[in-house]
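Reading the structure
Single-letter residue listing:
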Protein chains: 2
Amino acid sequence: MGILPTTKKIKVNKGDVLLKQGQITKYGYLVETGCLKSYTLDNNGKEHILQFAPENWMISDLDSFTNQIPSVIFIEAIEDSEVAFISKSEFNEISQLEKTELIEIATKFRNNLIATNKRVIGLLSATAEQRYIDFTLLYPTLVQRLPLKLIASYIGVTPEYLSEIRRKLSKK
Amino acid sequence: MGILPTTKKIKVNKGDVLLKQGQITKYGYLVETGCLKSYTLDNNGKEHILQFAPENWMISDLDSFTNQIPSVIFIEAIEDSEVAFISKSEFNEISQLEKTELIEIATKFRNNLIATNKRVIGLLSATAEQRYIDFTLLYPTLVQRLPLKLIASYIGVTPEYLSEIRRKLSKK
DNA sequence: GAATAAAAATAAGATACCTTAAGAAATGAA
DNA sequence: TTCATTTCTTAAGGTATCTTATTTTTATTC
């Protein structure tokens, strides 16, 4: 995928942090192998996952990247991964992109927005059990691949409660 | 706003429904005066508001509009409003847009995505009280303008509970 | 492959938020 | 103004989900 210019490529180990809350980021990250996550820490130090980025997904703090303001999220490898960097300087002003690049990026933003809107609807209207079922349908490979506690954090429940949900579902 | 081609313009009355769940929409709506909302109905018939669109905001079911699939949301006027239509046929393939239009639309999607990501973070990590406070800071004019029950639906609580939150906050 | 650490399961008690219901206040219609 | 409708408030009881703690299972390291 992707005609967006990438600068360097690096290997990162599970647990490595690529972006910290408060930092201004110059990069978007394109995952080639492995998986990253983005998350916030709330007042109680609890982690809340905004996004998983397995192979061929991009991940960044878009607001920090675009507007050069402090990030509200952390980005961290949850598996050993290979990551390509999309540099702010080469990608800087949206107005300097080629038409094909503009189409690609507008389509990416649009599809991401559609998916994120669905997530908001789920968070507003569905029970935790239904959100978990929806997650398994939408990301069947991630369900196999990710530890329960990360999925719990993504759908907005505690690991203990997701464990209970799974037990309940397995009895059906 | 801006340079996207609009076809017709109509007046709608408070309560008028412009798009129903299940319909495939040909339009995006640009609000010139008044205010619209988009929302879903859950299994229990409860309304959950995805978006408010006051003056100069666009509102649509982007997935239905883009991919010509049944809408998951309703769009309805919550005030008497004047609304311009952005027609699917003139706006059809993203690849047929001018470069300036592409820049405009990519920027719109991006900014909308940034805002929606913030909303997801709030829904995952903040209490109802904090989400209400955040709403008042982000949309101070809407807080004055909208009935409590619509704000409650947007932040994801019942009107009764938001009423309790307001009472508690007013005591501080 | 034992030792250690991390993740998951289970369970009891706590709390944020919901449901239902009724009355008060505000809004709109005639 | 008066009546009717909608919105808001208040309160009691209920439920989904959380917190804390302990045990079991799985993964990691030397």
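Computed from a predicted structure; not experimentally measured. (Residues numbered from 1 in each chain as written. Chains lettered and ligands numbered in written order. Predicted model: local features only at pLDDT ≥ 70, side-chain atom pairs only at ≥ 80, totals over all residues. Heavy atoms only, no water.)

Quick notes on the protein's contact with DNA strand D
How we decide: Definition of nearness: a residue and a molecule or strand are near each other if at least one heavy atom of the residue lies within 4 Å of the molecule or strand. Counted as a polar contact is a pair of N or O atoms within 3.5 Å, where, for protein atoms, one must be capable of donating a hydrogen and the other of accepting one, and residues adjacent in sequence contribute only when both atoms are in side chains. A run of H or I in DSSP becomes a helix once it reaches four residues, and a run of E becomes a strand once it reaches two; helices and strands are each numbered from the N terminus.
Taken together, the neighbourhood of DNA strand D is formed by 15 residues, with Y161 of chain A together with L148, K149, S163 and R167 of chain B sitting nearest. Counting only the atoms of DNA strand D within 4 Å of the protein, the fraction contributed by sugar and phosphate is 76%. Here K149 of chain B contributes a side-chain N or O atom positioned 2.8 Å from a phosphate oxygen of DNA strand D. Side-chain polar atom of R167 of chain B to a phosphate oxygen of DNA strand D: 2.9 Å apart, as the coordinates give it. If you list the elements that add at least two residues to the surface near DNA strand D, you get α6 (159-170) of chain A together with α5 (148-155) and α6 (159-170) of chain B. Per-element accounting of the surface near DNA strand D gives the leading share, 3 residues, to α6 of chain B.

Some thoughts on the nonpolar core
Among soluble globular proteins, nonpolar side chains are generally buried collectively. To keep it simple, the criterion reads: Joining through side-chain atoms within 4.5 Å is the link that ties buried Ala, Val, Leu, Ile, Met, Phe, Trp, Tyr and Cys residues into a set, and such a set is a nonpolar core. When a residue's accessible area, from a 1.4 Å probe over protein chains only, is under 20% of the maximum for its type it is buried; when over 50% it is exposed; and in between it is partly exposed. We call two residues contacting when some pair of their heavy atoms lies within 4.5 Å.
One finds Y29, L36 and I75 of chain A together with Y29, L36 and I75 of chain B to be the most contacted residues of the largest nonpolar core, which totals 36 residues. Residues contacting I75 of chain B, with those up to four places away along its chain left out, are D16, V17, L18, L19, Y29, L36, K37, S38, I59, S60 and D61 of chain B.

Digging into the protein's contact with DNA strand C
As a structural note, the neighbourhood of DNA strand C is formed by 14 residues, with L148, K149, S163 and R167 of chain A together with Y161 of chain B the closest of them. The sugar-phosphate share of atoms of DNA strand C within 4 Å of the protein amounts to 77%. Between K149 of chain A and DNA strand C, the recorded distance is 3.0 Å, taken from a side-chain N or O atom to a phosphate oxygen. Within the backbone of T158 of chain B, a nitrogen or oxygen atom sits 3.2 Å from a phosphate oxygen of DNA strand C.

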